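The lines below spell out each chain.
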Amino acid sequence: ITILGPDGSINHNGSQFEGMMRYDARIAVEEALKEKGLYKGKEPNKMRLGLCSRSGDILEPMITPQWYVNCDGMAKRSTDAVRKGELKILPAEHEKTWFQWLDNIRDWCVSRQLWWGHQIPAWFATKKGEEGVLKTDMKNNDRWVVARNEEDAFAKAVNLLGCSKDEII
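Residues numbered from 1 in each chain as written. Predicted model: local features only at pLDDT ≥ 70, side-chain atom pairs only at ≥ 80, totals over all residues. Heavy atoms only, no water.

1. Considerations on the packing of aromatic side chains
We apply this condition: Between rings of Phe, Tyr and Trp, where Trp is taken as its six-membered ring, a pair exists when centres lie within 6.5 Å; planes separated by under 30 degrees are stacked, by over 60 edge-to-face, and by other angles tilted. Per the convention used, a helix needs a DSSP run of H or I reaching at least four residues, while a strand needs a run of E reaching at least two, with both numbered from the N terminus. Burial classes follow relative accessibility: with a 1.4 Å probe on protein chains only, a residue under 20% of its type's maximum area counts as buried, one over 50% as exposed, and anything between as partly exposed. By the criterion adopted, a ring carries a charge over it if an Arg CZ or a Lys NZ lies within 6 Å of its centre and within 35 degrees of its normal.
In total, this model carries two aromatic pairs according to the counting rule given. Arranged with centres 5.0 Å apart and planes meeting at 85°, the rings of Trp 67 and Trp 144 form a pair that is edge-to-face. Taken together, the residues span a long stretch of sequence, with Trp 67 in the loop between α1 (22–35) and β1 (68–69) and Trp 144 in strand β4 (residues 144–146) at a distance of 77 residues. The exposure class assigned to Trp 67 is buried, which follows from its relative accessible area of 16%. Measuring from ring centre to ring centre gives 5.2 Å for Phe 124 and Trp 144, while their planes differ by 65°; the resulting arrangement is edge-to-face. Here the residue Phe 124 occupies a position in strand β3 (residues 122–124), and Trp 144 occupies one in strand β4, the gap between them amounting to 20 residues. Residue Phe 124 is classed as buried on the basis of its relative accessible area, which comes to 16%. Judged by relative accessible area, which is 21%, Trp 144 ranks as partly exposed. Grouping aromatic residues by their ring pairs yields a cluster made of Trp 67, Phe 124 and Trp 144. Above the plane of the ring of Tyr 39 lies Lys 34, whose end atom (NZ or CZ) is 4.9 Å from the centre. Its end group placed over the ring of Phe 154, Lys 165 keeps NZ or CZ at 4.8 Å from the ring centre.

Rendered as structure tokens:
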């Protein structure tokens, strides 16, 4: 069960704490436990907290859709260009690193960049009047449409949702 919203507030699963920011909710939960006689105390707990390198904020674990770029084709074109002499790596002693890296390329997870405002050509398809279809809910991952531009995304969304373009938000 996910209780955090993308903005760090407690969502509808957080009962009476809904709408509170996570730091305020921690204090409110402790107070509620005390009021009900369920509070058992605090003890030091050595643990590692994930911290944002830019803001210093605590990184809350949150399950979100992950986006990957398949880099195989791009890497193959790059290595082929060097092997055929169409591209030169200077100084030449760095060719070994070039091939070692690109011949063993893995898919690139671009999801982290999204938090910093970088955009990828993906749209979440919903129809007007639909409620409760959240893009952060993993069960709705099939609603994501990837296209080169918004016009192509609308065409894919029309096909996916079986409706007219006018019905799509």
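2. Examining the pattern of salt bridges
For clarity, the threshold we go by: Salt bridge, as applied in this entry: a Lys or Arg side-chain nitrogen positioned within 4 Å of an Asp or Glu carboxyl oxygen.
Applying the stated rule across the entire model yields eight salt bridges. Asp 137 is the salt-bridge partner of Lys 139, the closest N and O atoms lying 3.8 Å from each other. Accessibility expressed as a relative area gives 65% for Lys 139, which makes it exposed. With a relative accessible area of 27%, Asp 137 lands in the partly exposed category. Look at the salt bridges and you will find they share partners, linking Arg 22, Arg 26 and Glu 60 into a network.

3. What to know about the side chain of Asn 11
The following threshold applies: The term polar contact refers here to a pair of N or O atoms within 3.5 Å; inside protein, the definition further demands a hydrogen-donor-capable atom paired with an acceptor-capable atom, and it admits residues adjacent in sequence only when both atoms are side-chain atoms. A contact between two residues is defined here by any heavy atoms of the two lying within 4.5 Å.
Mapped onto the elements, Asn 11 comes out in the segment before α1. A distance of 2.8 Å separates the side chain of Asn 11 from the backbone nitrogen of Asn 13, its partner in a polar contact. Setting aside chain neighbours within four positions, we find Asn 11 in contact with Thr 2, Ile 3, Leu 4 and Glu 18.

4. A few points about the environment of Ile 89
Position of Ile 89 relative to the elements: it lies in the loop between α2 (72–83) and α3 (95–102). Ile 89 sits in the buried class, given a relative accessible area of 14%. Setting aside its immediate chain neighbours within four residues, Ile 89 contacts Val 82, His 94, Glu 95 and Trp 98.

5. Things to note about the nonpolar core
Stated precisely, the cut-off is as follows: Think of a nonpolar core as a cluster: buried Ala, Val, Leu, Ile, Met, Phe, Trp, Tyr and Cys residues, connected wherever their side-chain atoms sit within 4.5 Å.
Counting eight residues, the largest nonpolar core is built from Ala 125, Val 145, Ala 147, Ala 153, Ala 157, Leu 161, Cys 163 and Ile 168. For this core, the leading source of residues is helix α5 (residues 150–161), giving three residues. Beyond its immediate stretch of four places on either side in the chain, Ile 168 contacts Thr 126, Lys 127, Lys 128, Phe 154, Ala 157, Val 158 and Cys 163. Of all hydrophobic cores here, the second largest spans six residues; its members include Leu 4, Ile 10, Phe 17 and Ala 28.

6. What about a nonpolar patch on the surface?
Stated precisely, the cut-off is as follows: Patches here are clusters of residues that have more than 30% relative accessible area and form no salt bridge, with a 9 Å joining cutoff for like charges and a 5 Å cutoff for nonpolar side chains (Val, Leu, Ile, Met, Phe, Trp, Tyr). Here the accessible surface of atoms and residues is derived via Shrake-Rupley with a 1.4 Å probe, and residues count as covered only by protein chains that are part of the display.
Together, Val 29, Leu 33 and Leu 38 line one region of the surface with nonpolar side chains, adding up to about 230 Å² of accessible area. Looking at the secondary structure, you find Leu 33 in helix α1. With a relative accessible area of 34%, Leu 33 lands in the partly exposed category.

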